Structures are given as structure tokens and as C-alpha cells.
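An overview of the molecular structure
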Amino acid sequence: MKVKAHPISIIEGISKNFWILLFPLLRGLIAMQFDLYRWVTGAWVDIMIVTSVLIYAILRWRGMSFTLDEDTILVQRGIIFRSKSRIPVDAITTVIKEQTIIYNAFGAVKVRIETNAGSKRKADFKITVRKQSASTLNFLERDLSNRTKKSYAPKWYYLIVFSLISSNSLSGVLFLSAFISQTGAVIGRELRGDVITTITTLSHRLAIGIPPIAVAISIVILSGWVIAFIFNVLRHLHFEITRSNKNLHIREGLFTKRQYHINSDRIAFLDMRQTLTTKAFSIASLYVYCAGYGKEKNERAVLVPATSKREVEGTMRMLVPEITPAKATVKPPPRGLVGYILPSSLMLISITLVAKILIGIFPSWHQLISFVAAMAAIPLAWLLLVKFTAFITSGIGENENAVTIRYVRRYSFSTITMPKTRIAKMQITQTPFQRWAGRCNVVIYTNAESKQKHIVKQLPLKQTREIILNCRNYM
Amino acid sequence: MRKYHPARKALYTLQILELVLCAALGIVAWYYLKFFPALAWIAVMLIAIMYILTAIIYLPLYIKKTIITIAENEIIVRTGVFIETKSIMRHDAVQYISIVRTPLSKYTSLNNIVVNALGGRLFLLFLSRENAEEIVDILQERGIKT
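Cut-offs used in this document
- Residues numbered from 1 in each chain as written.
- Chains lettered and ligands numbered in written order.
- Predicted model: local features only at pLDDT ≥ 70, side-chain atom pairs only at ≥ 80, totals over all residues.
- Heavy atoms only, no water.
- Helix = DSSP H or I, 4+ residues; strand = E, 2+ residues; numbered from the N terminus.
- Contact = heavy atoms within 4.5 Å.
- Areas by Shrake-Rupley, 256 points an atom, 1.4 Å probe, with all protein chains shown as cover.
- Lys, Arg positive; Asp, Glu negative; His and termini not counted.
- Charge placed at Lys NZ, Arg CZ, Asp CG, Glu CD.
- Buried area = accessible area lost by both parts, 1.4 Å probe.
- Salt bridge = Lys/Arg side-chain N within 4 Å of Asp/Glu carboxyl O.
- Polar contact = N/O pair within 3.5 Å; in protein donor to acceptor, adjacent residues only side chain to side chain.
- Nonpolar A, V, L, I, M, F, W, Y, C, P; charged D, E, K, R; others polar.
- Pairing = 2+ DSSP bridges.
- Buried < 20%, exposed > 50% of the residue type's maximum accessible area, 1.4 Å probe, protein only.

The number of helices and strands found in chain A is 15 helices and 20 strands. Taking the contacts inside chain A whose residues are at least 6 apart along the sequence as the reference set, 60% of them involve residues at least 24 apart. Total accessible area computed for chain A in this model is approximately 25,500 Å², and 63% of it derives from carbon and sulfur atoms. Both charge centroids of chain A, one from 62 positive and one from 27 negative side chains, sit 7 Å from each other.

So, in C-alpha cells, the structure goes:
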């Protein structure tokens with residue numbers, strides 16, 4: 001049965017710049033009091049561009065379809081370069097279905113299908129179809145009617161904690177700047193001017209003891225973070241995960257409803273993450289690495305958003321019993337501490353020295369230099385604390401089926417548990433000092449859609465070699 | 001073991017397309033530089049040289065040197081004009097295949113196959129329609145898990 005794309009795909013195929021071209025064009029037509037002749041002769045180039053974009057989007061929609069067999073899905077797309085992809089159902093790792101409020105009103109569902117191959121940035125297959133047609137793409141949902149299924153839904157306050165931890169100021173600031181810029185391009189430049197004036201006025205009012213520019217930057221970053229936090233909360237509300245037979249099914253979202261169906265055999269590894277703050281409160285989040293889940297912008301590959309560490313471990317055993325974590329048997333020895341804390345200590349000392357030198361050269365800028373140096377020193381001091389904690393918690397362990405790696409990546413602590421069969425490569429590296437001291441760094445690469453590497457530092461060489469030899473038979 | 005080469009028809013198609021493109025570029029260059037005849041001539045000569053180097057020298061060598069081998073357990077692609085590369089992909093690493101056709105591909109032989117596997121892709125370019133369909137059938141039988 002051949003299924004064609006929903007007509008709403010025409011709008012999807014049109015770039016954002018199209019609207020920036022269209023609205024001023026229409027505004028011109030209104031200003032000319034619908035004098036079509038004058039309008040066409042004056043703006044024929046813009047009209048041609050707009051028409052070409054629209055025709056291209058319609059042709060693109062017409063060329064998109066899929067046909068479902070018992071064991072294959074045949075995907076067809078393209079206008080001039082017609083592509084036919086034959087994807088076996090068994091190769092599918094994740095099926096993602098997304099429905100916004102607008103899509104719901106039009107009876108449309110966005111579907112993405114992922115395999116372990118293809119691009120790590122783009123979906124293997126993406127199509128918007130009618131809701132009835134989307135229900136035919138239920139290869140990984142067939143076992144949902146199975147009685148023996150287990151579910152987990154986190155409490156709402158843990159979702160708030162998760163959104164607090166995972167909100168990124170940068171994404172919020174980018175959204176805000178794009179929104180103001182694009183709205184200004186359509187409505188007029190007054191909006192942009194108003195926003196800048198408001199920030200300037202506010203920063204002058206709040207600049208008590210700190211330069212106004214620093215306050216302005218803080219306002220922008222804080223606003224960005226608040227927007228990102230709100231988006232994250234709305235994204236993850238009503239989060240629920242169900243394990244049935246061999247598949248995991250995740251539902252989330254308030255306004256935009258999302259469903260993720262994951263083939264648990266295709267899971268590359270699980271990642272239990274903590275920051276220093278959440279570690280202090282024994283809170284953790286569990287992420288899953290599986291092709292397709294967590295690929296899109298602002299999408300996080302989360303299995304358990306945030307809860308107590310004990311509950312994360314229990315939920316992990318319930319939802320993914322085939323991947324069991326092992327205790328760390330190989331850990332950095334006491335003398336390995338220097339390797340962990342030396343780089344951040346040196347950076348902290350350098351910041352202080354550079355600030356003192358600059359104050360000596362530019363005494364009138366004392367306040368700004370001190371402020372900038374303090375702002376740079378705070379994250380470095382925090383990093384030093386993180387690295388010290390990493391020294392205590394890092395290590396590797398293995399059991400019959402899996403290997404568990406505990407390490408720190410920037411400011412985040414990860415406990416990676418992966419089946420031994422998913423190890424692509426293991427590498428031991430040694431600096432000359434480590435060679436003398438009998439220590440090493442171990443790098444483990446995982447076999448998935450893209451290569452991921454995990455590095456544990458300052459481990460004793462002999463025990464690390466034993467673990468690598470044990471894992472070799474499964475690779 | 002079966003060996004395939006890119007089709008000669010694809011070479012002729014690409015040469016004609018490139019001729020059209022270079023001619024268009026030459027006309028545009030001449031039109032905008034007509035008040036500087038020396039510059040106009042230089043631009044046209046450069047475009048002509050670029051055409052000769054790519055369409056007359058590079059493309060025929062590329063077509064001649066490219067060999068696609070479908071072996072018992074793997075796909076081997078040997079290609080390259082100045083730097084030869086040999087890519088080997090095991091059948092059991094293949095996840096799915098895409099075949100990309102252009103209009104009138106039966107006559108132009110611009111049929112391309114993209115083999116998607118764990119961590120990488122292999123491109124089998126400029127095949128005749130018959131060869132492309134044959135390769136897809138063989139790969140489906142051997143490489144793709146069903």
C-alpha cells in the first residue's frame with residue numbers, strides 16, 4: 001500500500017526566508033491598493049522567486065511517499081534526483097512520531113525512522129503523513145498490547161529538576177535573538193529597538209557596583225535560560241516510559257505530543273549522568289544512546305529524567321534488564337590525583353596572575369578587570385572541585401555481558417554501561433610520566449551510528465590490560 | 001564475484017552537461033566583461049581550460065579507473081585518478097540501500113547507489129540502469145538482514 005505525504009509537507013518544504021520575502025511583497029500589494037499591473041512590473045523578480053519556491057515545495061511533496069511490505073519499507077523522495085531506499089524492518093532502531101497542536105488540527109503526524117546507518121545529523125527517513133497512515137508504521141509498537149509490560153513515570157517535581165539541570169542559556173538566547181530579528185524583519189525595526197532600549201535602561205538601574213555592560217549580558221543570559229527552562233518543562237511534561245517485550249516506548253509533551261519507540265536490542269549504551277550539585281543530593285538522570293533518539297535539535301535522549309540515584313538504578317534494571325551495570329574494580333591510585341587536578345589548578349593560578357598584571361598596566365580598569373577575572377575564576381574553581389570528585393569516583397568494571405565506565409566529561413559525571421558486543425575499539429595511552437608511574441588513560445569507542453569515545457584517566461596499567469583482554473573476546 | 005564499471009553513456013552525459021554549463025558561464029562572463037576585452041578573453045579561456053581538464057581529461061580517467069566488485073562477503077570500490085582509493089564494506093554491515101536516479105536515467109546512465117552501513121556509506125556512481133538493478137538485487141539477497 002502506497003502512502004503519500006500530507007499536504008502540510010508543502011509548508012515544511014518552504015524555508016523560513018520565504019515568509020520574510022512574502023510578507024513585504026503582500027504589504028507592497030496592499031500599499032499599491034491592489035494595482036496588480038504596477039505590483040507585478042515593480043516586484044516581478046521577488047514574485048518569481050516566491051513562485052519558484054512554492055512550486056519546488058509542491059513538487060517535493062508530490063515526490064514523497066512510502067510503501068510498506070511485511071518486512072521492508074520502500075521510501076521514495078526527490079524531484080530531479082529521485083531516490084528509492086529499501087529499509088528492512090529489522091534494521092530499524094527507533095520510530096519517532098510527533099504531533100504539534102497545529103498538526104493535530106490538520107490530522108497530520110510527523111514520523112521519523114532511524115537505523116544504525118546513515119547520517120548522524122539527519123534522520124534516515126522523515127515524512128509527515130495523515131494520522132491513519134502513521135498508525136501503519138507500528139513495527140515497534142505491536143507488542144504494546146502485551147500484558148507483561150512495565151511502566152515508569154517520574155513525579156512532576158523531578159521533571160522540574162531535570163529541566164533546571166538541562167536548560168541551556170545559549171539555546172534560549174539564540175531562540176530569543178532569532179525571534180526578535182525575524183519578527184523585526186516582518187513587522188518593523190521598532191520592536192528590535194524597543195528590546196535594546198529596555199535592556200539598556202534595566203542594566204543601568206541594576207548596575208550597583210558592577211559595570212552596566214556586565215548587567216546587560218547577565219540579563220540576556222538569564223532571559224535565555226528562563227526561555228530554555230520553560231521550553232524544557234513543556235517538552236517533558238507527561239513523560240512516561242513503558243517496556244513491553246523487546247521494545248521501549250516513551251511518551252512526553254504537553255502541546256507537542258511525542259512518541260519514541262526504541263528497539264532495545266539496538267541500544268548502544270546507557271549513561272547515568274550527574275553534576276556536582278545533583279551528586280551532592282544523590283539525584284541522577286539516565287540517558288540512552290540509540291540511533292535516532294536525541295538526534296533532533298533540543299531533543300534529549302533521556303530514559304529517566306531526574307530522580308534519586310537509587311530509583312534510577314532500579315528503573316534501569318526494570319526497563320533494560322539486559323544491560324546490567326558492574327562495580328568499578330579498577331580505579332585511579334592516590335598518586336593519580338595530580339593528573340586530575342593539575343590542569344584546572346594551573347588555569348586558576350594563570351587567571352589570577354594575568355588579572356594582577358593587567359591591573360598593573362591599566363589601573364583605571366581595575367573594576368572591570370577584577371570582575372572579569374572573578375567571573376572566569378568561578379567556573380574554574382568549580383571545575384577543580386569536579387575534577388577532584390572525578391578522581392574519587394572514576395573507574396572501570398566488567399561483568400559477564402557488560403562493561404561499566406565511570407568518568408567525567410567537562411562538568412558532568414557519566415556512568416556508561418554498555419554491552420561488550422558494542423565496543424568498537426579500546427585504546428591505552430600513556431604520557432612519559434605515566435609510563436614511569438605505571439599508569440595509563442583508557443579510551444573506549446562504541447559501535448553505533450557514530451563513534452562515541454569514553455576516556456578514563458590515570459588507571460593502573462596492569463589491571464586495565466586485564467579488563468581489556470577480557471572484553472576482547474566479545475568485540 | 002562480479003565486476004562493474006560506470007557506464008560510458010554517463011561520461012557523455014556529464015560532458016554535455018558540463019559543456020552547457022561552461023558555455024553559459026562563458027556567455028555571462030563575456031556579457032559582464034565586454035567593456036574590458038582582455039579580461040573577458042582571460043575569463044573565457046580559463047573556463048575553456050577548466051572544461052578541458054575536467055570533462056576531457058579527468059572524467060574519462062575517473063570512469064576508466066573505477067571498478068565496483070561485488071564479492072561473496074563484501075563490496076569493493078576502487079576509484080581515484082591521482083590518488084587511488086580502495087573501499088571495502090562487508091555485506092553484513094549493510095543496513096539499507098538507496099538508489100538515486102535522474103530523469104531519463106535509462107539513456108543518461110546517471111544511476112547511483114548509496115550503501116548505508118554502520119558508521120559509513122559507500123557510493124556506487126554512474127551505473128547503467130541494468131547494472132544498478134542487478135547490484136541492488138544481489139545486495140538484497142546477501143547483505144541486508146530480513
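After presenting the structure, the write-up continues.
With 18 residues of chain B at the contact, the number on the chain A side is 21 residues. Together chain B and chain A conceal approximately 1,600 Å² of surface at their shared face, both sides included; 54% is due to carbon and sulfur atoms. The largest contributions to the chain B side of the interface with chain A come from Gln95(B), Tyr96(B) and Leu118(B), which together make up 33% of the buried area. At the surface where chain B touches chain A, the tally comes to 0 salt bridges. The interface formed by chain B and chain A holds 5 residue pairs in polar contact (both at pLDDT 80 or more) in total. Where the side of chain B that touches chain A is concerned, the elements lending two or more residues are strand S5 (94-101) and strand S6 (111-117) of chain B. With 7 residues, S5(B) is the single largest residue contributor to the side of chain B that touches chain A. Taken together, the residues of the side of chain B that touches chain A sort by class into 8 nonpolar, 7 polar and 3 charged. Both strand S4 (residues 82-88) of chain A and S5(B) contribute to a ladder of 5 bridges, which runs antiparallel. In the sheet register, Arg82(A) faces S5(B), and the bridge partner there is Arg101(B).

Moving on: unusual backbone geometry. Negative phi is the rule for most residues except glycine; trans is the rule for most peptide bonds. All names here are of chain A. A positive phi angle is found at Ser282, which is not glycine, with a value near 55 degrees. The topology assignment puts Ser282 in the loop between helix H10 (276-280) and strand S13 (283-289). We note that Gln458 has phi near 60 degrees; this positive angle belongs to a residue other than glycine. By the element assignment, Gln458 lies in strand S20 (residues 452-460). Taking the relative accessible area as the measure of exposure, Gln458 reaches 9% and is therefore buried.

Residues and elements named next belong to chain A. By the secondary structure assignment, Asn263 is in strand S11 (residues 257-263). Residue class for Asn263 comes out buried when judged on its relative accessible area of 10%. Once the C-alpha coordinates of Asn263 and Lys246 are considered, the two residues, 17 residues apart in sequence, prove to be 6.5 Å apart. In contact with Asn263, not counting residues within four places along its chain, are Ile92, Thr93, Leu140, Lys246, Asn247 and Cys290.

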